[in-house]
Amino acid sequence: MPILVTQLDGGVTRVILSERLDAAGAVETSMEMYYVGESSDAVIVDMARVTFIASLGLRNLVSLAKAVIKKKGKIVLLSPTPAVEEVLITSGLDMLMPIYRDQPSAVIAVTP
Amino acid sequence: MGATAQLRIGARPDEVARLYTWLDGAIGELPAPLRNDMHVALEEVVMNVAFHAYAPEQEGEVAIALTLAPEEAVLVVEDEGQEFNPVSAPPGKPEGRQEEPGGLGLVLLRHHCRALEYERRAGRNRLTLRFAIQNR
């Protein structure tokens with residue numbers, strides 16, 4: 001399963017995505033990401049293990065971000081690989097979910 | 001003319017997984033950034049056909065052909081669905097705020113290809129995606 005959800009101190013939810021977020025990976029992760037969006041308002045999406053992302057995977061991220069932001073919560077991306085980061089920036093997702101390079105900075109960014 | 005490969009799949013989301021293994025096998029040892037460009041662009045095009053080209057009750061197909069030349073990789077995607085020209089279609093908002101399928105995909109498609117060419121002939125959509133090998 002290319003998604004793992006863990007809880008960090010301070011009520012921060014860390015979503016660890018991995019492998020390919022292509023059409024199949026997007027379907028596989030969408031329900032879990034929906035639950036995170038419904039239940040969490042401080043979210044770090046760890047992208048370090050994601051090797052590929054295209055538009056269906058991006059749409060899952062957009063939906064998650066919108067759900068969190070709608071609740072006045074905060075959500076950031078953590079450590080995407082260069083190839084994935086290029087797609088994230090091209091699609092403008094970094095404007096919705098800022099990119100951080102290390103977890104302590106990401107935690108500070110989403111902590112109220 | 002360089003090496004060529006062809007794939008024909010059903011125009012359904014569950015068929016799209018076959019793209020990746022086919023493309024990886026066909027493009028061989030091209031640089032990783034170029035492989036990523038080709039994967040992102042091809043998934044966008046084929047998913048668009050799968051979601052929008054055919055009526056829900058219609059069993060459509062999509063045909064993909066790859067040609068590798070020393071300086072260029074070319075993917076040609078053909079379907080018999082409704083006419084759609086991604087070359088002239090307005091792109092979506094590049095701020096991650098796109099709601100409608102297709103718009104965000106067009107932004108990605110145009111970014112990851114060197115050139116896009118569209119032709120509608122004899123009831124078929126024919127989209128040519130060109131990727132520069134030497135720039136990657």
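Just so it is clear, the model here is predicted, and its values are computed rather than measured.

Caption draft 1: Up close: the pairing of strand β3 (residues 72-79) of chain B. Residue and element names in this part refer to chain B. Taken across its 8 residues, β3 has 7 buried, putting it largely inside the fold. Where strand β2 (residues 61-68) meets β3, 7 bridges bridge the pair, whose relative direction is antiparallel. Paired with A65 across the two strands is V76, which belongs to β3. Connecting β2 to the next strand, β3, in antiparallel fashion are 3 residues. Of the strand pairs in this sheet, β3 and strand β5 (residues 124-132) are connected by 8 bridges, and their pairing is antiparallel. Directly across from V74, in β5, lies its bridge partner R130.

Caption draft 2: Just the interface of chain B and chain A, in detail. The interface of chain B with chain A comprises 25 residues on the first partner and 21 residues on the second. Each partner contributes to the roughly 1,800 Å² buried at the junction of chain B and chain A, and carbon and sulfur atoms together form 58% of this total. Put simply, chain B and chain A have 6 residue pairs in polar contact (both at pLDDT 80 or more) between them. Those elements giving two or more residues to the side of chain B that touches chain A turn out to be α2 (32-53) and α3 (103-112) of chain B. Considering each element in turn, the side of chain B that touches chain A owes the most residues, 8 residues, to α2(B). Its residues assigned to classes, the side of chain B that touches chain A comprises 10 nonpolar, 7 polar and 8 charged.

Caption draft 3: Looking closely at the confidence of the model for chain B. All names here are of chain B. Scored by pLDDT, chain B comes out at a mean of 86, with 88% of its residues at no less than 70. This stretch, residues 95-102, has a pLDDT under 50; its non-local contacts, to residues over four places away or in other chains, come to 20 contacts. Scored as a whole, the predicted complex attains pTM 0.86, and scored at its interfaces, ipTM 0.81.

Caption draft 4: Just the packing of helix α1 (residues 23-39) of chain A against helix α2 (residues 55-70) of chain A, in detail. Residues and elements named next belong to chain A. At a minimum axis distance of 8 Å, the contact between α1 and α2 shows a crossing angle of 5 degrees. Here α2 runs roughly parallel to α1, going by the angle between their axes. For the pair formed by α1 and α2, the contact residues are A23, A26, T29, S30, M33, V36 and G37 on the first element and L56, G57, N60, L61, L64, A67 and V68 on the second. The residue makeup of the contact of α1 with α2, split by class, is 9 nonpolar, 5 polar and no charged.

Caption draft 5: Representation of the layout of surface pockets. One number sums up the size of the second largest pocket: a volume of about 170 Å³. Those elements giving two or more residues to the lining of the second largest pocket turn out to be β3 (42-53) of chain A together with α2 of chain B. Examining the composition of the lining of the second largest pocket, we find that 5 residues originate from one element, α2(B), more than from any other. Residues belonging to the lining of the second largest pocket are distributed by class as follows: 4 nonpolar, 3 polar and 3 charged.

Caption draft 6: Examining a nonpolar patch on the surface more closely. A grouping of A:M31, A:Y34 and A:Y35 is seen on the molecular surface, where their side chains present a nonpolar patch of about 360 Å² in accessible area. Relative to the elements of secondary structure, A:Y35 occurs in helix α1.

Caption draft 7: Focus on α1(A). With 17 residues, α1(A) extends 25 Å from end C-alpha to end C-alpha; this agrees with the ideal 24 Å at 1.5 Å per step. Of all the bends in α1(A), the greatest, near 40 degrees, is centred on A:S30. For α1(A), the complete set of buried residues consists of A:A23, A:G25, A:A26, A:T29, A:M33, A:V36 and A:G37. Packed against the buried residues of α1(A) are β1 (3-8), β2 (12-21), β3 and α2 of chain A together with α1 (17-27) and α2 of chain B. You can read the cap of α1(A) off the contacts: a side-chain oxygen lies 3.1 Å from the backbone nitrogen of A:A24, and it is on A:D22.

Caption draft 8: Region of the structure containing the sheet that holds strand β4 (residues 115-121) of chain B. Residue and element names in this part refer to chain B. Sheet architecture is open: 5 strands sit in the order β1-β2-β3-β5-β4, paired in antiparallel fashion. Every other strand in the sheet has two partners, leaving β1 (3-10) and β4 as the edge strands with one partner each. Taking the axes of each pair of neighbouring strands and ignoring which way they run, one obtains an average angle of 15 degrees across the sheet. The strands touched by α1 within the sheet are β1, β2 and β3, with β1 carrying the most contacts at an inclination of about 175 degrees. α2 rests against β1, β2, β3 and β5 of the sheet, and its axis sits at about 165 degrees to β5.

What counts and how
- Residues numbered from 1 in each chain as written.
- Chains lettered and ligands numbered in written order.
- Predicted model: local features only at pLDDT ≥ 70, side-chain atom pairs only at ≥ 80, totals over all residues.
- Heavy atoms only, no water.
- Buried < 20%, exposed > 50% of the residue type's maximum accessible area, 1.4 Å probe, protein only.
- Helix = DSSP H or I, 4+ residues; strand = E, 2+ residues; numbered from the N terminus.
- Pairing = 2+ DSSP bridges.
- Contact = heavy atoms within 4.5 Å.
- Buried area = accessible area lost by both parts, 1.4 Å probe.
- Polar contact = N/O pair within 3.5 Å; in protein donor to acceptor, adjacent residues only side chain to side chain.
- Nonpolar A, V, L, I, M, F, W, Y, C, P; charged D, E, K, R; others polar.
- pLDDT = per-residue confidence, 0-100.
- Axes fitted to C-alpha atoms, helices over the stretch in contact; angles between N-to-C directions.
- Parallel < 35°, antiparallel > 145°, perpendicular 65-115°, else oblique.
- 1 Å grid on protein atoms, 1.4 Å probe; cavity = no way out; pocket = protein on both sides within 12 Å on 5 of 7 lines; lining within 4 Å.
- Points joined across faces, edges and corners; volume = space filled by probe spheres on them.
- Patch = residues over 30% accessible without salt bridge, like charges linked within 9 Å, V, L, I, M, F, W, Y side chains within 5 Å.
- Areas by Shrake-Rupley, 256 points an atom, 1.4 Å probe, with all protein chains shown as cover.
- Salt bridge = Lys/Arg side-chain N within 4 Å of Asp/Glu carboxyl O.
- Expected span 1.5 Å × (residues − 1).
- Bend = angle between axes of the 7 residues up to and from the residue.

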